[in-house]
Every structure is written in C-alpha cells, then in structure tokens.
Amino acid sequence: MAAPQHVRAAPLARALRASATATATATVSASAPAPAPIKSQGTSRRALLGLSEPQLRQLALDLGEESYRGKQLHDLLYKSRAKQIQDFNHVPKAFREALLGAGWSAGRSPVHHAVTASDGTTKILLKLEDNRLIETVGIPVDDDNKGSSRLTACVSSQVGCPLRCSFCATGKGGFARNLQPNEIVEQVLAIEETFKQRVTNVVFMGMGEPMMNLKSVLEAHRCFNKELKIGQRMMTISTVGVPNTIKMLASHKLQSTLAVSLHAPNQKLRETIVPSAKSYPLGALMDDCKNYFLETGRRVSFEYTLLVNFVASWDQR
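Below is a short write-up of the structure. Predicted, not measured: the structure shown is a model, and the values here were computed from it. (Residues numbered from 1 in each chain as written. Predicted model: local features only at pLDDT ≥ 70, side-chain atom pairs only at ≥ 80, totals over all residues. Heavy atoms only, no water.)

**Here we look at the side chain of T152**
(1) Moving on: Relative to the elements of secondary structure, T152 occurs in strand 6 (residues 148-154).
(2) Moving on: Apart from the residues lying within four places of it in its own chain, the contact partners of T152 are V137, G138, I139, N201 and V203. (Helix = DSSP H or I, 4+ residues; strand = E, 2+ residues; numbered from the N terminus. Contact = heavy atoms within 4.5 Å.)

Here it is in structure tokens:
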C-alpha cells in the first residue's frame, strides 16, 4: 500500500476514551514474538539480520562455537552494520565458513538507486537477492521549536501489492511476494546509512499491504524495537483493511499506532477505489478499529487521499 500524498489523521481515541475505562488495566505486551530463522522467499540463504541476540547465541552453539560468538554476531549486524559474512572480521574464519556452509547470509541488499527531493526526502531502491526491487523512503523533519530533528523511515512489506487500489501505483504493478523480516529491517539500516543519522520513526506505509504479511511485519517491528531501539510508540502500521487482521494485531497489544486508509466517506464509493472493501464493510472495519483502541489504548488514525471530482466534493460528505 503506497502512502497517500494528502492525508488527514482523525484520532479515534477521543470518541472512545470515555467508554474505555474498563480497559485501563489491560496488560500490554512488551514486544511481538521473536522471529524464527527461516529461509527467505525467492532466496537461497537464511538471513542473520532480524534475529535477536539469544537466537544468535543459540546459532553459535549449534555450529560448535561458544555462546559469546553470538553476541559478536549481534554487534556486527546492528552496530558495525556488516553487510556480508565475509566482513565479519571479529569472528574466526572457521565460524564464518561454518555460517556460509550452513546456508546463512548477513541478510543485506545493495542500494540499486536513490533520488533526493528538494526537501531532503530520499527514495531508495533496494535490489533483493532474487533481483526484485523494493522502495523505502527516508523523510527528515526539523523541529525548529525544539531544536531537534526526526528521521522517519517509510518501509515496504511486500514486493508489489495484491489489493490493486485504483489510486495506488504499487497495486498497478502487480504482486510478486511477501518480504521476509530481514528485507523489512534492512530498509531502516539503508536509510540510516544514507542520512548518516538515526531513524526515530517507522511507518509501515511503503509497497504492499502490511496486514497481508503480518508475521514478517511483527518480527520486523520487534527487531526495530529491541535491536535498533526505536520506541513502539514511534511506529505506525497502516492498512487499507483486511478482514480479521486488525483483531489479530490488537491481540499483540503493541504500543504502536494503527493507521487505516479510508479514502471514501461511504461504503459504495469506497468499493469503487478499494476493491477489497467489498469483503470488509465500513461498519465491520470501524468495529475493529474501536476494538484496537480498547485492546491497546493506542489511537487509530485515518488516511484520506483527496481525489479530484471524487471524495473531495461537498455532496459526498
């Protein structure tokens, strides 16, 4: 799902806060489940990037090394930002060879192309191992009042998108496959390396529908929070609406914002630009948004693209 060019956020929290007192003591989970090492779709190797320190320590033990070698791998991936196992100079050559022999890779992709706008926003194309291209965007914002700056990473979750919303260029290009956790995580690393600045915010608003790749999105979310130290409240997961998935996301009780791509004021109009809306009526979508707030205590915002002669006309309010 491509990020709309013109959006209006409408928090649901105010309308529901008065009726949400019963949920004030809800238990909040610190993170999504830790990722399991799996083989990437379309690739021949398993990726180290995205794994936690305990997982990397266990991998070291499995390959006959001491546990602390896993901590070294963790530092190489998330601090030194090594892009190839051959660059893991702080671990023995035999361990590097064992990792390669077991089918592991660092899990980083090269930058294929980058372009920067006049306001500093930079779009980066990454070339994946199977030669497919994905885009990620770095958005710098200076806060003059506070004398600080933010760097937001807009990350993709799929190669293409299967939902084919009429206003979205990504959907017109078709759908190839889901991204694996490392392919989402590496987008933030690529932005940090381009800007030579730490990413402070992450929005899952790039290519693809995050809710249709929820497992990888949750694993990447965990990695951003635990390994890259990006606060959960600094992350937003966007969706055009996929039945049952908002409930699934709410069950994890993440402290992140849910953003719903609405784009139309009623069901009939929405179906004309968002084909998947036919199986997910606005009433059901709004009920799931309310449930998300009640489950997590986190606000829901709505994205609304202003389309000429369509949703912007007064008679469709």
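So much for the structure itself; the text now carries on.
**Focus: the environment of E209**
(1) Moving on: Counting through the fold element by element, E209 comes out in the loop between strand 9 (201-204) and helix 7 (214-226).
(2) Moving on: On the basis of relative accessibility, which here comes to 0%, the residue E209 falls in the buried class.
(3) Moving on: Along the sequence, E209 and L163 sit 46 residues apart, while their C-alpha atoms lie 7.6 Å from each other.
(4) Moving on: A distance of 2.9 Å separates a polar side-chain atom of E209 from the backbone nitrogen of M211. (Buried < 20%, exposed > 50% of the residue type's maximum accessible area, 1.4 Å probe, protein only. Polar contact = N/O pair within 3.5 Å; in protein donor to acceptor, adjacent residues only side chain to side chain.)

**Things to note about helix 10 (residues 282-296)**
(1) Moving on: An ideal rise of 1.5 Å per residue puts 21 Å on 15 residues; helix 10 measures up with 21 Å between its terminal C-alpha atoms.
(2) Moving on: Once helix 10 finishes, G297 follows within two positions and takes phi at roughly 75°, a positive value. (Expected span 1.5 Å × (residues − 1).)

**Some points on the nonpolar core**
(1) Moving on: In this structure, L48, F88, V188, V202, F224 and L249 are the most contacted members of the largest nonpolar core, which totals 65 residues.
(2) Moving on: The leading source of residues in this core is helix 6 (residues 181-195), at seven residues.
(3) Moving on: Ignoring sequence-local partners within four residues, the contact set of F224 consists of I184, V185, V188, V202, F204, K229, I230 and M235.
(4) Moving on: Counting residues in hydrophobic clusters, the runner-up holds eleven residues, among them C165, V274, A277 and F310. (Core = buried A, V, L, I, M, F, W, Y, C linked by side-chain atoms within 4.5 Å.)

**Some thoughts on the pattern of salt bridges**
(1) Moving on: For the structure shown, the criterion picks out 14 salt bridges.
(2) Moving on: Between E53 and R57 there is a salt bridge whose closest N-O contact spans 3.0 Å. With E53 and R57 both in helix 2 (residues 53-62) and four residues apart, this pair spans about one turn of that helix.
(3) Moving on: Residue classification places E53 among the partly exposed positions, given a relative accessible area of 21%.
(4) Moving on: By relative accessible area, R57 is classed as partly exposed at 27%.
(5) Moving on: A salt bridge links E183 to R177; its shortest N-O distance comes to 2.9 Å. In this structure, E183 and R177 share a single accessibility class: buried.
(6) Moving on: A cluster of three or more residues bridged by salt bridges with shared partners is formed by D130, R132, R177 and E183. (Salt bridge = Lys/Arg side-chain N within 4 Å of Asp/Glu carboxyl O.)

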